[in-house]
Amino acid sequence: MENTIDEHITNGLVKISQALKSGDWENFAKKGITPTQKQVMVFLNKRKKSIPASLTDIAENLAFSPATASDVVQKLVDKGLVQKESAPDDKRKIMIRLTKKGQSLSGQVMDWSNFLTSAVGGLSDKEKSIFLGGLIKIIKSLQDQGKIPFVRMCLTCNYFRPNQHKNTKRPHHCAFVDEPLAHEQLRLDCDDHEQLEKSGSIDVWNKFQQMTK
């Protein structure tokens, strides 16, 4: 029986995942960094203005157990890549941030996926826009099912206004910066994200769905 287009797309995503895992292991193994340690470093690197993170932040955002988060962080501390410090408002609370060595290395680590960025660059502007819309829907569905950790994307943000500006190339609106957004400007990871209440998420999602059908 011939595979359905759903199966073809799924197979394609699996192939991309395999390529990422292969590159992931080869690049980080040479630097003595495990994939889980890499995830923590990249997460800390992306923090706005290098704001430190708590162990709870790391565990929740990367879908780690508290024990795993603690173990990974300690190994990075031992390697001199991250440091622990007390929170200014609560000396009992431990915060984690990258050291200078960790910042330098995490920048190199974040370049490892450039081969995929290059491949995406081969798509036309229209293909990129359609593909991004599809990815957002897939990620939203997986997040709702609890299959992937929390994603700080526009579609789940209190500042996002879908399809607010009619008949323009920038139909969406971000209330945080008070500017219209083009479809291709939608983010999947934003430092200024503010979680939307569940009661409002359905309305936002329905408006976005209507536009992208």
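What you see is a predicted model; the values in this text were computed from it and never measured. (Residues numbered from 1 in each chain as written. Predicted model: local features only at pLDDT ≥ 70, side-chain atom pairs only at ≥ 80, totals over all residues. Heavy atoms only, no water.)

Undergrad: It is not clear to me how the overall build of the chain should be interpreted in this structure. Could you clarify?
TA: From N to C terminus, the chain includes eight helices and six strands. Within the span of the chain, comprising 213 residues, buried residues form 31% of the whole. In the chain, once contacts between residues fewer than 6 apart in sequence are set aside, the share between residues at least 24 apart is 53%. As presented, the chain carries roughly 13500 Å² of accessible surface, and 53% of it is formed by carbon and sulfur atoms. Distance from the positive charge centre (32 side chains) to the negative charge centre (25 side chains) of the chain: 2 Å. (Helix = DSSP H or I, 4+ residues; strand = E, 2+ residues; numbered from the N terminus. Buried < 20%, exposed > 50% of the residue type's maximum accessible area, 1.4 Å probe, protein only. Contact = heavy atoms within 4.5 Å. Areas by Shrake-Rupley, 256 points an atom, 1.4 Å probe, with all protein chains shown as cover. Lys, Arg positive; Asp, Glu negative; His and termini not counted. Charge placed at Lys NZ, Arg CZ, Asp CG, Glu CD.)

Undergrad: It is not clear to me how the nonpolar core should be interpreted in this structure. Could you clarify?
TA: Proteins that are soluble and globular tend to have nonpolar side chains buried together. Ranked by internal contacts, the top residues of the largest apolar core, which has 19 residues, are Val40, Met41, Leu44, Ile58, Leu76 and Val82. For this core, the secondary structure elements donating two or more residues are helix 2 (35–45), helix 3 (55–62), helix 4 (66–78) and strand 3 (90–98). Setting aside its immediate chain neighbours within four residues, Leu76 contacts Gln37, Val40, Met41, Leu81 and Val82. Core analysis: the next-biggest nonpolar cluster, separate from the first, contains 16 residues, Ile136, Cys157, Leu181 and Leu196 among them. (Core = buried A, V, L, I, M, F, W, Y, C linked by side-chain atoms within 4.5 Å.)

Undergrad: I would appreciate a short explanation of a nonpolar patch on the surface in the present structure.
TA: A contiguous nonpolar surface patch, about 420 Å² in accessible area, is contributed by Ile5, Ile9, Leu13, Ile16 and Ile138. Element by element, the count of residues in the nonpolar patch is highest for helix 1 (residues 5–30), at four residues. (Patch = residues over 30% accessible without salt bridge, like charges linked within 9 Å, V, L, I, M, F, W, Y side chains within 5 Å. Salt bridge = Lys/Arg side-chain N within 4 Å of Asp/Glu carboxyl O.)

Undergrad: Got a minute to help me understand the packing of aromatic side chains in this structure?
TA: The relation between two aromatic rings is expressed through the spacing of the ring centres and the mutual angle of the planes. Evaluation of the coordinates by the stated rule reveals two aromatic pairs. For the pair Tyr159 and Phe176, a centre-to-centre distance of 5.2 Å together with 65° between the ring planes defines the contact as edge-to-face. Pair noted here: Tyr159 is in the loop between helix 7 (125–144) and strand 4 (160–161) and Phe176 is in the loop between strand 5 (172–174) and strand 6 (179–181), with a separation of 17 residues, a long-range link. Stacked on the ring of Trp205, the Lys or Arg Lys140 has its end atom at 4.9 Å from the ring centre. (Phe/Tyr/Trp six-rings, centres within 6.5 Å; stacked < 30°, edge-to-face > 60°. Lys NZ or Arg CZ within 6 Å of the ring centre and 35° of its normal.)

Undergrad: I tried to follow the packing of helix 2 against helix 4 on my own but got confused; where do I start?
TA: Closest axis-to-axis distance for the helix 2/helix 4 pair is 10 Å, and the angle between their directions is 80°. Relative to helix 4, the element helix 2 lies roughly perpendicular. Touching Thr36, Gln37, Val40 and Met41 of helix 2 are Val72, Lys75 and Leu76, all from helix 4. Across the contact of helix 2 with helix 4, the residue classes tally to four nonpolar, two polar and one charged. (Axes fitted to C-alpha atoms, helices over the stretch in contact; angles between N-to-C directions. Parallel < 35°, antiparallel > 145°, perpendicular 65-115°, else oblique. Nonpolar A, V, L, I, M, F, W, Y, C, P; charged D, E, K, R; others polar.)

Undergrad: Just checking my understanding: could you explain the confidence of the model for the chain for this structure?
TA: On average, residues of the chain score 84 in pLDDT, and 91% of them reach the 70 mark or higher. Least confident of the elements in the chain is helix 8 (residues 198–212), whose mean pLDDT is 75; most confident is helix 4, at 94. (pLDDT = per-residue confidence, 0-100.)

Undergrad: What's the story with the pattern of salt bridges in this structure? I'm lost.
TA: Two side chains with opposite charge may pair up if their charged atoms get near one another. Inspection of every chain in the model, using the stated rule, returns six salt bridges. For Glu85, the salt bridge goes to Arg97, with nearest N and O atoms at 3.0 Å. Taken together, the positions of Glu85 in strand 2 (residues 82–87) and Arg97 in strand 3 put the pair 12 residues apart, joining distant regions of the chain. Arg152 serves as the salt-bridge partner of Asp189, at 2.7 Å between the closest nitrogen and oxygen.

Undergrad: Help me out: how do you make sense of unusual backbone geometry in this one?
TA: What you tend to see is this: most non-glycine residues have negative phi, and most peptide bonds are trans. Within the chain, Ala63 stands out as a residue other than glycine whose phi angle is a positive 60°. Position of Ala63 relative to the elements: it lies in the loop between helix 3 and helix 4. Residue Asp178 is not a glycine yet carries a positive backbone phi of 55°. Mapped onto the elements, Asp178 comes out in the loop between strand 5 and strand 6. Asp178 sits in the exposed class, given a relative accessible area of 55%.

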